[in-house]
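# What the coordinates show
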Amino acid sequence: MEKNVRLCKHCGLLKERIESGKFPDGKNKRYVDESGKLWNGSVCAECNTKRSHENMKTLRAKRKELKDI
């Protein structure tokens, strides 16, 4: 099991990430934080969740806008 400290690309904080095995393709490693949430490349799990939430909000707004036209 590999542990390392990584700088999050989004928030800029140093956070620990832990290797939790590999993805089904068998090539790429899977990293999680201390609470077990998945990292997305160099973006920590918290920032990834927040970013995903904001992206879905804008996507829903765009879809609603197109639906109304």
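Quick note: structure is the one above.
Counting restarts for each chain, with residues numbered from 1 along the sequence as it is written. This being a predicted model, a pLDDT of at least 70 is required before a residue's local features are given, and a value of 80 or more before pairs of side-chain atoms are given or counted; all residues contribute to the totals for chains, interfaces and linings. Working from all heavy atoms in the structure, the side-chain values ignore hydrogens and water.

Below, the discussion takes up the pairing of strand β1 (residues 3-7). Should DSSP find at least two bridges between two strands, the strands are regarded as paired. Strands are runs of DSSP state E lasting at least two residues, helices are runs of H or I lasting at least four, and both sets are numbered from the N terminus onward. As paired elements, β1 and strand β2 (residues 14-22) share five bridges and run antiparallel to each other. Note that in β2 the partner of R6 across the bridge is K15. Between β1 and the antiparallel strand that follows it, β2, lie six residues; G12 among them carries a positive phi value of about 80°.

This paragraph deals with the nonpolar core. Within the largest apolar cluster, six residues are counted, these being C8, Y31, W39, V43, C44 and C47. Note on contacts: a residue pair qualifies if any of its non-hydrogen atoms lie within 4.5 Å across the two residues. Other than its neighbours up to four places away in sequence, C8 contacts L13, S42, V43, C44 and C47. Side-chain atoms within 4.5 Å are what join buried Ala, Val, Leu, Ile, Met, Phe, Trp, Tyr and Cys residues into a set we call a nonpolar core. Think of it in three bands: with a 1.4 Å probe and only protein chains considered, a residue is buried below 20% of the maximum accessible area for its type, exposed above 50%, and partly exposed in between.

So, on to the pairing of strand β3 (residues 29-32). On a regular strand, each side chain points to the face opposite its neighbour's, so the side chains alternate between the two faces of the sheet. Inspection of the sheet shows β2 paired to β3 by three bridges, in the antiparallel sense. In the sheet register, K22 faces β3, and the bridge partner there is K29. Connecting β2 to the next strand, β3, in antiparallel fashion are six residues, including G26 with a positive phi near 80°.

This part covers the packing of aromatic side chains. In this scheme Phe, Tyr and Trp rings, the latter by its six-membered ring, pair at centre separations within 6.5 Å, and the angle between planes marks the pair as stacked below 30 degrees, edge-to-face above 60, and tilted otherwise. All chains considered together, the criterion is met by zero aromatic pairs. In our convention, an over-ring charge means Lys NZ or Arg CZ found within 6 Å of a ring centre and within 35 degrees of that ring's normal. One Lys or Arg, R17, reaches over the ring of Y31 and ends 3.7 Å from the middle of that ring.

Any two cysteine sulfur atoms within 2.5 Å of one another count as a disulfide. For the coordinates displayed, the defined rule picks out zero disulfides. No disulfide involves C8; its nearest neighbouring cysteine sulfur is the one of C11, lying 3.6 Å away. Looking at C8, the relative accessible area reads 2%, which means it is buried.

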